[in-house]
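Architecture at a glance
Below, each chain spelled out in residue letters.
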Amino acid sequence: MIEMVSMNATAVRNTFSSVIDTVVRERPVFIQRTRDHLMLANLNLIETLTSNCAFTAERYQEGDGSITLTLDQIDIAVNAPSEPEAIMALAGDLHEYALDYYEHYPVWSISPNRKGHLPFIVKVLITDDLKKIGDMITCRAGAS
């Protein structure tokens, strides 16, 4: 089915500027090169595709009054004096993890316990603003 809507890679190369205009203004473009199939999309579409990726964290009040947050989707935990500080620390660690995941994509993308992280990684990478990443994290009380 994808072959029916795909452009040949040579045609894309020959009309690259026009293809980019199509991607930016109209729709994603599917490309076929031999047996490889690709999709070229703008970041607005990627943002839409990742819109259902929600970040949730369990919140634990520690004996010293500090807050520990554990992210449900990715194994990251932080501790800070307050919940807002913990959220920002979690956002920072999530951003660092996203960069590391992207840098080591060939390894992480096939790792059974990490390949499912990709939609979340993409969401963080296209956000690339710690405050906005922090705003995407919803906290709930952890089990006692």
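Our subject is the structure listed above.
Everything numeric here is computed off the predicted structure, so don't read it as measured data.

1. Description of the sheet that holds strand 6 (residues 76-80)
Paired through backbone hydrogen bonds, the strands of a sheet run either parallel or antiparallel to each other. Reading across the sheet, the four strands line up as 6-5-4-7 and stay open at both edges, with mixed pairing between neighbours. The strands lining the two open edges of the sheet, one partner per strand, are strand 6 and strand 7 (137-141). Sheet twist, expressed as the mean angle between neighbouring strand axes with direction ignored, is 25 degrees.

2. What about the pattern of salt bridges?
One pass over the full model with this rule turns up seven salt bridges. A salt bridge links R140 to E58, with the nearest nitrogen and oxygen atoms 3.4 Å apart. Of the two residues, R140 is situated in strand 7 and E58 in strand 4 (residues 55-61); the sequence distance between them amounts to 82 residues. Using a relative accessible area of 37% as the deciding quantity, one classes R140 as partly exposed. Judged by relative accessible area, which is 19%, E58 ranks as buried.

3. Let's talk about the pairing of strand 2 (residues 29-33)
Pairing of strand 1 (residues 6-8) with strand 2 involves three bridges; the strand directions are parallel. Bridge pairing links S6 to F30 in strand 2. Inspection of the sheet shows strand 2 paired to strand 3 (residues 36-40) by five bridges, in the antiparallel sense. For R33, the partnering residue across the bridge sits in strand 3 and is D36. In this structure, the hairpin formed by strand 2 and strand 3 is closed by a connection of two residues, where T34 is found at a positive phi of approximately 55 degrees.

4. So, the nonpolar core
F55, L69, L71, I74, I76, L90 and L94 are the most contacted members of the largest nonpolar core, which totals 23 residues. Mapped onto this core, the elements with two or more residues apiece are strand 4, strand 5 (67-71), strand 6, helix 5 (83-103) and helix 7 (118-127). The residues touching L71, leaving out its near neighbours within four places in the chain, are F55, T56, A57, I76, L90 and L94. Within the second largest apolar cluster, six residues are counted, among which are A9, V12, V23 and I31.

5. Notes on a nonpolar patch on the surface
A surface patch of nonpolar side chains, about 480 Å² in accessible area, is lined by M1, I2, M4 and V5. Here V5 shows up in helix 1 (residues 2-5). Note on V5: relative accessible area 53%, which makes it exposed.

6. A short note on the sheet that holds strand 2
As summarised here, the arrangement of the three strands in space is 1-2-3, forming an open sheet in which the pairing is mixed. If you trace the sheet from one side to the other, it starts and ends with strand 1 and strand 3, each paired once. With strand direction ignored, the average angle separating the axes of adjacent strands in the sheet is 35 degrees.

7. Quick notes on unusual backbone geometry
Positive phi values are uncommon outside glycine, yet T34 reaches one of about 55 degrees. Structurally, T34 is set in the loop between strand 2 and strand 3.

8. Digging into the environment of I87
Looking at the secondary structure, you find I87 in helix 5. For the pair I87 and G134, spaced 47 residues apart in sequence, the C-alpha to C-alpha distance is 5.7 Å. Among residues more than four places away in sequence, those in contact with I87 are L69, G134, I137 and C139.

Basis of the calculations
- Residues numbered from 1 in each chain as written.
- Predicted model: local features only at pLDDT ≥ 70, side-chain atom pairs only at ≥ 80, totals over all residues.
- Heavy atoms only, no water.
- Pairing = 2+ DSSP bridges.
- Helix = DSSP H or I, 4+ residues; strand = E, 2+ residues; numbered from the N terminus.
- Axes fitted to C-alpha atoms, helices over the stretch in contact; angles between N-to-C directions.
- Salt bridge = Lys/Arg side-chain N within 4 Å of Asp/Glu carboxyl O.
- Buried < 20%, exposed > 50% of the residue type's maximum accessible area, 1.4 Å probe, protein only.
- Core = buried A, V, L, I, M, F, W, Y, C linked by side-chain atoms within 4.5 Å.
- Contact = heavy atoms within 4.5 Å.
- Patch = residues over 30% accessible without salt bridge, like charges linked within 9 Å, V, L, I, M, F, W, Y side chains within 5 Å.
- Areas by Shrake-Rupley, 256 points an atom, 1.4 Å probe, with all protein chains shown as cover.

By themselves, these are just geometric observations and shouldn't be taken as functional.
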